Amino acid sequence: MSSAVIGLPAPPFLDDSLSSTSNNSNTGGGGSPEDANRVQMKPSVNGYKWRLLISYDGTHYAGWQYQVSPPTIQCFLEKALIRATKLERKDLCLVGAGRTDAGVHALGQVAHFVTPFNYDSLESIHAALNGLLPADIRVREISPAVPEFHARFSAEGKIYHYKIYNDAVMDPLQRHFAYHSACKLNAAVMREASKHFVGKHDFSAFANASQNDGVPNPVKNVFRFDVIEMGTLLQLEVEGSGFLYRQVRNMVALLLQVGREALPPDIVPKILATRDRKELAKYALSVPPHGLCLVNVKYNQDLLRLPSDCPTGSFGRRHTISKCKLPFY
């Protein structure tokens, strides 16, 4: 699989189905800093697509998917985009790579949105977005995207980490980002069991029903499933072509039972073969969401290529201090 981590700049676009009308033209008053970065849209181009790399602490949010109450990541990001671009929500067409669940975190969530105008620099809108967002949501990168790029449907793989704090007493600094297991876990047997998940399987037994996805294809390809010991912290890293609703948390839940030595490692293929979620429920309950983090979304390198006639990607501004302004004491 030829893939690359999101992080390379790419360009203007849009298909003919999107409106080229902009409702945020500068009317001659005092324009925002973003207005100065707009350049005249070429008549042959209907619009422009932009790719975002986003990190967030999902503790206080009801997941990614848009809803006003309780608040979601997409809701806050769209509000910031509306203010920064002066466009309506329907015009932005914001789409995320994955609909992370309530309480789940992200280091490398990817999204895209569209505008009818171009930018000659992305640093100002990047700074504006982070200035408008709450402190637990950050846009790490913004870059132009090719017409073919779609944050969700172009994804070729995703990497999730699930952290387990394995000690008698929980570290309070880890409480929002790791599941606490006071029972000593056998990482070696967990590692043996995790190997049974690798490969192409029908994961129906490890997926909860989701109204949002209709009837998804239950066959997914897991490229790797690593159990890494880092002192008192166990990090379970799973990479695959895609995952069903709560699939990762359900796989982790079964591995926890194996790690407690309540079940043998070969229980994994037996439950996979049943293709029945009720069978898994006999042995394990889903683990809580706060230990899970979407770390990376992978795309084909061609979709991350740098096109001509576009601004470079923004990774945020660095500030420097030329001299100390404080008096000496």
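As annotated in an unreviewed UniProt entry, the protein carries the name tRNA pseudouridine synthase and is attributed to Trema orientale. For the protein, the Sequence similarities (unreviewed entry) comment in UniProt is given as "Belongs to the tRNA pseudouridine synthase TruA family." The UniProt entry for the protein carries this comment under Catalytic activity (unreviewed entry): "uridine(38/39/40) in tRNA = pseudouridine(38/39/40) in tRNA".

Caption draft 1: Region of interest: the pattern of salt bridges. This model, assessed by the stated rule, comprises 13 salt bridges. Residues R305 and E148 are paired through a salt bridge, measuring 3.7 Å at the closest nitrogen-oxygen approach. Linking R305 in the segment after β14 (292-299) with E148 in the loop between β8 (137-145) and β9 (157-165), this pair joins segments that are 157 residues apart in sequence. A relative accessible area of 47% means that E148 is categorised as partly exposed. The salt bridge partner of D226 is R224, with a shortest N-O separation of 2.7 Å.

Caption draft 2: Looking closely at helix α3 (residues 123-132). What α3 keeps buried is the set S124, I125, H126, A128, L129 and N130. Tucked inside the fold, the buried residues of α3 contact β4 (47-56), α1 (73-85), β7 (118-119) and β8.

Caption draft 3: A look at the environment of N208. Relative to the elements of secondary structure, N208 occurs in the loop between β11 (199-202) and β12 (219-230). For N208 and Q247, which are 39 residues apart along the polypeptide, the C-alpha to C-alpha distance reads 7.3 Å. Within the local environment of N208, its side chain forms a polar contact with the side chain of N250, the two groups lying 3.0 Å apart.

Each value, and the rule that gives it
- Residues numbered from 1 in each chain as written.
- Predicted model: local features only at pLDDT ≥ 70, side-chain atom pairs only at ≥ 80, totals over all residues.
- Heavy atoms only, no water.
- UniProt positions renumbered as here; feature names shortened; annotations may be inferred.
- Salt bridge = Lys/Arg side-chain N within 4 Å of Asp/Glu carboxyl O.
- Helix = DSSP H or I, 4+ residues; strand = E, 2+ residues; numbered from the N terminus.
- Buried < 20%, exposed > 50% of the residue type's maximum accessible area, 1.4 Å probe, protein only.
- Contact = heavy atoms within 4.5 Å.
- Polar contact = N/O pair within 3.5 Å; in protein donor to acceptor, adjacent residues only side chain to side chain.

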